[in-house]
Amino acid sequence: MDGVCMKKLRNLPAIDQLMADQRFLNLLKTTLISKRVLTEWLKEQAEFMRQRIINNEFSDRVLDKEQLTDHILDSLNRKINALSQNNLRRVINATGVVLHTNLGRARLSERAIKQIEEVASSYSTLEYSLATGKRGSRHDLVEDYLKEVTDAEAAMVVNNNAAAVYLVLRALAFEKEVIVSRGELIEIGGSFRISEIMKESQAQLIDIGTTNKTHLRDYEKAITEDTALLMKVHKSNFKLIGFTEEVNTEELVDLSRKSNIPIYEDLGSGTLFDFKTKQIGDEPTVQDKVAAGIDIISFSGDKLLGGPQAGIIVGKKKYIEAMKSHQLARVLRVDKFTLAGLEATLKSYASGQEISEVPTVRDIAETKETILKRGQFFVDQMIDQDTGFSFTLSEGKSKVGGGTMPEVEIDTYLVKVSHTRYSSEEIAKLLRKCDVPIIVRVQHDTVTLDFRTIHQKEISELVDAFFKIKG
Ligand SMILES: *Cc1c(COP(=O)(O)O)cnc(C)c1O
C-alpha cells in the first residue's frame with residue numbers, strides 16, 4: 001500500500017462516527033430493522049468502501065470524510081430499499097399468453113386463493129379425520145372431486161406432472177420394458193425429456209416406429225414378457241404435419257386388453273373443460289381419455305386446468321393404489337397449499353362454474369369483443385394526454401402458451417404502443433422497471449399490449465405506469 005492510499009484510508013469514518021450520524025439514527029427509527037442487523041450492514045458497507053479504496057477505484061481524487069460518509073450511508077440505503085422489494089413479485093402480463101411458464105403459469109381463482117389463505121393462517125384437517133378423530137390421509141382431500149370430474153376409479157396428486165411421469169414409470173415399470181412411439185419421445189421446456197426420465201426411473205425404453213409414422217403392428221411386435229406398460233405421450237408442445245401416422249387410442253386400448261398390458265398416457269396439459277365447444281383447438285379432455293379406457297393418465301395442475309402446480313394421476317384403482325403405497329409417493333407429495341388450491345379449483349369444475357370462476361379457462365375462452373372493451377377503456381384514458389406515447393387498437397392473435405395447443409391462435413385485440421423518442425426496446429425496458437412490472441410483447445419492432453391477459457382492475461396501474469415513464 002502506498003502513501004497516497006494510506007492517506008485516503010485515513011479519511012474513512014469510524015463505525016461509531018457513522019452510527020452517530022443523524023441519517024443512520026433516522027434509519028433506526030423508520031425501518032423495522034433491528035439495531036444489531038442495521039449495524040452489521042453499516043460495517044459491511046464501510047468495509048466495502050475500504051476495499052474500493054485499496055483497489056484504487058478513486059485513483060483520480062481523494063475523498064474527504066464527509067464524502068465517504070455520504071457514500072457509505074447511500075449504499076446502506078440502497079441495500080434497505082432492495083430488501084423492501086421481493087424477488088418473487090407480481091407482474092402484469094400484457095403478452096396475451098395465458099399460460100406463460102416464465103410468469104408462473106395459471107392465475108388462481110378467487111375461490112382457490114381464499115382457501116389457500118384460510119389453510120395457511122390456521123391449523124387444518126390435512127391428515128386428520130373429523131369423523132373418527134384419528135389420522136386421515138391427505139390423498140383423500142381431493143380424490144373424490146377428481147373421480148367425479150374425470151369419471152376415473154381413483155386418483156392421486158404429486159408435485160408436478162414431471163414427478164407424476166417418474167412415479168408411474170418407477171412404480172409400475174421398474175426394470176421392465178415400456179413401449180413408446182418414436183414420434184412421441186418429446187422434450188418439453190426446462191429440459192424434461194421422456195427418454196431421460198425413463199432412464200432415471202430405471203424403466204427400459206423400447207422405442208418403436210419412426211419419427212413420422214408408427215403402426216399398430218410396431219406395438220404388437222415389441223411386446224415381450226418383460227413389457228410393463230404401453231405409453232402414449234401427448235404431443236402438447238408441437239404438431240407433426242405432413243406424411244404422418246399414429247395409432248389411435250381405440251386400437252391401442254384394444255391391444256392393451258388383448259395382451260393384458262396396462263396403457264398409460266402422459267397427457268401433459270390435461271384439460272377438464274372441452275375447449276372444442278368454443279371452437280378453440282382440438283385438445284382431448286381427460287374425461288374422453290378415461291372413457292376410452294386408458295388405464296393411467298397423468299397431467300399438470302397448472303396448465304389448462306388452471307390450478308396450482310401439481311401432477312395429477314387418475315385411472316384404475318389397482319394402479320393408483322400401487323403408486324400411493326410406493327415410497328416415492330412420500331418424496332413427491334404436495335403440501336397443504338397445493339391441496340387447498342386444487343380442491344377449490346376442482347369444485348368450480350364439479351359445479352360447472354369453471355368458465356366464470358377459473359381465470360385460465362375464462363381468459364382462453366374470452367371473446368375478442370370483451371377484450372376490445374378493456375383495450376378501449378385503456379386507450380380512452382391515454383388519448384390526448386401529452387405523454388409522447390401513441391396508442392392504436394388493432395385485431396391480433398393470442399397464444400395459449402405453457403406448451404399447450406401450439407398451433408392454436410385465438411382472435412384478440414391489441415394496443416400498439418409507440419413513442420416520439422423511445423424505441424420499442426426502451427419502452428419494454430421502462431415498463432419492466434415499473435413498481436408493478438409490465439411484461440409486453442415486442443412484435444415487428446412494435447410494443448403490443450394484449451388485453452386478453454390484462455385484468456380490468458390492472459388497467460389503472462397500466463395507466464399510471466405510462467404516465468410515470470412518459471419522460
Ligand atoms: C408440461 C408437460 C410435462 C411436465 O409437466 P409439469 O407439470 O410442468 O412438470 C410432462 N409431459 C408433457 C407431455 C407435458 O406437456
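Residues numbered from 1 in each chain as written. Predicted model: local features only at pLDDT ≥ 70, side-chain atom pairs only at ≥ 80, totals over all residues. Heavy atoms only, no water.

Colleague: Tell me what's going on with the overall build of the protein, and back it up with residues and numbers.
Modeller: Each helix and strand counted, the protein has 20 helices and 15 strands in total. What you see for the protein is a C-alpha radius of gyration of 29 Å, clearly larger than the 23 Å of a compact globule of 471 residues, by over 25%. Seen along its three principal axes, the alpha-carbon backbone of the protein occupies a region of about 90 × 55 × 50 Å. Each of the 471 residues in the protein was classed as buried or not, and the buried ones make up 48%. Of all intrachain contacts in the protein linking residues separated by at least 6 positions in sequence, the fraction that spans at least 24 positions is 75%. By element, 48% of the accessible surface of the protein is carried by carbon and sulfur atoms, the whole surface being about 24,200 Å². Positive and negative side-chain charges in the protein, numbering 65 and 69 respectively, have mean positions lying 5 Å apart. (Helix = DSSP H or I, 4+ residues; strand = E, 2+ residues; numbered from the N terminus. Rg over C-alpha atoms; globule rule 2.2 N^0.38 Å. Buried < 20%, exposed > 50% of the residue type's maximum accessible area, 1.4 Å probe, protein only. Contact = heavy atoms within 4.5 Å. Areas by Shrake-Rupley, 256 points an atom, 1.4 Å probe, with all protein chains shown as cover. Lys, Arg positive; Asp, Glu negative; His and termini not counted. Charge placed at Lys NZ, Arg CZ, Asp CG, Glu CD.)

Colleague: Explain the pairing of strand β2 (residues 154-158) residue by residue, including any values.
Modeller: On a regular strand, one side chain projects to one face of the sheet and the next to the other, so that they alternate. Burial analysis of β2 places five of its five residues in the buried class, which makes it a mostly covered element. Judged by which residues are buried, β2 turns out to be covered on both faces: A154, M156 and V158 on one side and A155 and V157 on the other are all buried.

Colleague: Outline the sheet that holds strand β12 (residues 410-419), supporting the account with residue identities and numerical values.
Modeller: Strands in a sheet are paired, the pairing made by backbone hydrogen bonds, and the direction either parallel or antiparallel. Reading across from one edge, β11-β12-β15-β14 is the order of the four strands in this open sheet, with antiparallel pairing throughout. Single-partner strands in this sheet number two, and they are β11 (389-398) and β14 (441-443). Direction aside, neighbouring strands of the sheet carry axes that sit 40° apart on average. Across three bridges, β14 lies against strand β15 (residues 446-450) in antiparallel orientation. When the sheet's bridge partners are listed, V442 is paired in β15 with V447. Helix-sheet contacts for helix α18 (residues 368-382) involve β11, β12 and β15, and the interaxial angle to β12 is about 15°. (Pairing = 2+ DSSP bridges. Axes fitted to C-alpha atoms, helices over the stretch in contact; angles between N-to-C directions.)

Colleague: Can you explain unusual backbone geometry? Please cite residues and give values.
Modeller: The phi dihedral of R105 is positive, around 50°, even though this residue is not glycine. Relative to the assigned elements, R105 resides in the loop between β1 (92-93) and α6 (110-121). Here R105 falls in the partly exposed class, since its relative accessible area comes to 22%. Positive phi outside glycine occurs at D384, with the angle close to 60°. Examined against the element boundaries, D384 turns out to sit in the loop between α18 and β11. We classify D384 as exposed; its relative accessible area is 77%.

Colleague: Explain the pairing of strand β10 (residues 311-315) to me, and be specific about the residues and the numbers.
Modeller: With five of five residues buried, β10 lies mostly within the body of the structure. Residue alternation in β10 divides its side chains into two sets, G311, I313 and G315 and I312 and V314, and both sets are buried. Across five bridges, β2 lies against β10 in antiparallel orientation. Note that in β10 the partner of A154 across the bridge is G315. In this sheet, β10 lies alongside strand β9 (residues 296-300) in antiparallel orientation, the contact comprising five bridges. Along β10, the bridge assignment pairs I296 with G315.

Colleague: With reference to specific residues and values, describe the environment of L38.
Modeller: By the secondary structure assignment, L38 is in helix α4 (residues 35-54). Given the relative accessible area of 0%, L38 is considered buried. If near-sequence neighbours (up to four positions away) are discounted, L38 is found in contact with F24, L27, L28, T31, I33, L76 and I80.

Colleague: How would you summarise helix α7 (residues 140-150) if you had to cite specific residues and measurements?
Modeller: Of all the residues in α7, the buried ones are V142, E143, L146, V149 and T150. Down the axis of α7, the buried set is contained in an arc of 145°. They therefore lie on one face. The exposed residues of α7 that point more than 90 degrees off its buried face are D144 and E148. Against β2, α12 (286-291), β10, α13 (317-324) and α15 (336-350) lie the buried residues of α7. Of the residues one or two after α7, D151 is the one with positive phi, at around 70°. (Arc of directions from axis to C-beta.)

Colleague: Any details on the packing of α4 against helix α5 (residues 65-83)? Residues and values, ideally.
Modeller: In the contact formed by α4 and α5, the axes pass within 9 Å of each other and the chain directions differ by 125°. Here α4 lies oblique to α5, going by the angle between them. The crossing of α4 and α5 is right-handed. Across from L38, W41, L42, E44, Q45, A46, M49 and I53 in α4, the residues of α5 making contact are L68, H71, I72, L73, S75, L76, K79, I80 and L83. A breakdown of the residues in the contact of α4 with α5 according to their chemical character gives twelve nonpolar, three polar and two charged. (Parallel < 35°, antiparallel > 145°, perpendicular 65-115°, else oblique. Left-handed = near helix turned anticlockwise from the far one by under 90°. Nonpolar A, V, L, I, M, F, W, Y, C, P; charged D, E, K, R; others polar.)

Colleague: Tell me about the sheet that holds β2, residues and numbers included.
Modeller: Across the sheet, seven strands lie side by side as β2-β10-β9-β8-β7-β3-β6; this open sheet has mixed pairing. The sheet is open, and its two edges are formed by β2 and β6 (204-208), each paired on a single side. Between one strand axis and the next, the sheet turns by 25° as a mean value, whatever way the strands run. Both strand β7 (residues 227-233) and strand β8 (residues 263-268) contribute to a ladder of four bridges, which runs parallel. Residue pairing for β8: M231 is matched across the bridge by Y264. Contacts from helix α8 (residues 161-173) reach β2, β3 (177-181), β7, β8, β9 and β10, with the element oriented near 160° to β7.

Colleague: I'd like to hear about the packing of aromatic side chains, residue by residue, with values.
Modeller: Tallying each qualifying case throughout the model produces seven aromatic pairs. The ring centre of Y422 lies 5.4 Å from the NZ or CZ of R421, which sits over that ring. (Phe/Tyr/Trp six-rings, centres within 6.5 Å; stacked < 30°, edge-to-face > 60°. Lys NZ or Arg CZ within 6 Å of the ring centre and 35° of its normal.)

Colleague: Summarise the environment of S348; cite the residues concerned and give the values.
Modeller: Considering the arrangement of structural elements, one finds S348 in helix α15. Residues S348 and E148, 200 residues apart in the sequence, show an inter-C-alpha distance of 12 Å. Leaving out residues up to four positions away in the same chain, S348 has contacts with R111, Q353, E354, E357 and V358. Of the polar contacts made by the side chain of S348, one reaches the side chain of E357; its length is 2.5 Å. (Polar contact = N/O pair within 3.5 Å; in protein donor to acceptor, adjacent residues only side chain to side chain.)

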